[in-house]
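Residue-level structural notes
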Amino acid sequence: MQIAIDGPAGAGKSTLAKKIAAAYKMTYLDTGAMYRCIAHCVLNQIGDRFDNEADIVKIAGATVIRFEGEQVFCNDKDVTREIRTPLVSRHTSDVARIKAVRDLMVSQQREYAKDHAVVMDGRDIGSVVLPDAELKFFLDADVRERAQRRKKEMDEKGNTKALEEIKTDIENRDSNDRNRSEGPLVQVPDAIVIDTTGKSIEEVYEEMKIHIDEAQ
Ligand code: C5P
């Protein structure tokens, strides 16, 4: 069984993907974390030279990404926290728009799905990575609510950013992700669309669960 979950930033994808994976004994793959790792390595190795595609592709090719439960390792270094900083969040779409980077990530993601029952979340899972997935979800929500959710998460980690600034970051990120030519964020025709605005995680989970149970 393969489950694809796509949608814009802050729609609840990763929380729900983890919940589904735990309940159905499936493996969760956070594909966003993989692109975040590449952006983090680029920042470390060449700084914010995100126009330098050749070097970015070289870095992506030399980066070994590994997951251990909730932890993310990049070339054997634990980067779980580093890849969630606002700087990395802002620049991840700069590496994710490069075709050669996407090709590398997509082939690793497909390889992973070959021998695991997987729940994957991202932007191009239903369209590119797992076009034959048994179930495809597209989660969306009003941008203000997505920004509020992100702010709450960030506040718990000591954030001081204002809601408007977080909302603008999300809008810019979504726009980059929707408008790139390679693996853009799209709602595929066979996706089950869920608007999570005003709904709790538990409510959305129950809705998704009905579809998963039906598909089994
Ligand atoms: O899911 P998350 O917010 O961690 O993703 C961070 C960024 O990684 C996205 O804004 C997008 O640019 C990129 N991404 C992608 N394709 C995916 C997953 C994430 O391009 N499958």
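In the nomenclature of an unreviewed UniProt entry, the chain corresponds to Cytidylate kinase from the organism Acetobacterium malicum. Of the comments in the UniProt record for the chain, the one headed Subcellular location (unreviewed entry) reads "Cytoplasm". Word for word, the UniProt comment on the chain under Sequence similarities (unreviewed entry) is "Belongs to the cytidylate kinase family. Type 1 subfamily."

**Observations concerning the environment of A162**
Along the chain, A162 turns up in the loop between α7 (143-156) and α8 (163-179). Overall, A162 belongs to the exposed group, with 11 C-beta atoms counted inside 10 Å. As a C-alpha pair, A162 and T63 span 99 residues in sequence and 34 Å in three-dimensional space.

**Structural notes on the sheet that holds strand β1 (residues 2-6)**
The strand order across the open sheet built from five strands is β2-β6-β1-β7-β8, with neighbouring strands paired in parallel fashion. Of all the strands in the sheet, just β2 (27-30) and β8 (192-195) have a single pairing partner and so form its edges. Taking the axes of each pair of neighbouring strands and ignoring which way they run, one obtains an average angle of 20 degrees across the sheet. Across four bridges, β1 lies against strand β7 (residues 135-140) in parallel orientation. What sits directly across from A4, in β7, is K136. Across the sheet, helix α5 (residues 99-114) is in contact with β1, β2 and β6 (118-122); its angle to β6 comes to roughly 160 degrees.

**Thoughts on the site of the ligand**
What surrounds the ligand is a group of 14 residues, the closest being G32, Y35, S93, A96 and G122. Those elements that provide at least two residues to the shell around the ligand are α2 (31-46), α4 (86-96) and α8. Of the residues forming the shell around the ligand, the biggest block, four residues, is contributed by α2. A per-class count over the shell around the ligand returns four nonpolar, five polar and five charged.

The rules behind these values
- Residues numbered from 1 in each chain as written.
- Predicted model: local features only at pLDDT ≥ 70, side-chain atom pairs only at ≥ 80, totals over all residues.
- UniProt positions renumbered as here; feature names shortened; annotations may be inferred.
- Helix = DSSP H or I, 4+ residues; strand = E, 2+ residues; numbered from the N terminus.
- Buried ≥ 20, exposed ≤ 12 C-beta atoms within 10 Å, placed from the backbone.
- Pairing = 2+ DSSP bridges.
- Axes fitted to C-alpha atoms, helices over the stretch in contact; angles between N-to-C directions.
- Contact = placed C-beta atoms within 7 Å.
- Near = placed C-beta within 6 Å.
- Nonpolar A, V, L, I, M, F, W, Y, C, P; charged D, E, K, R; others polar.

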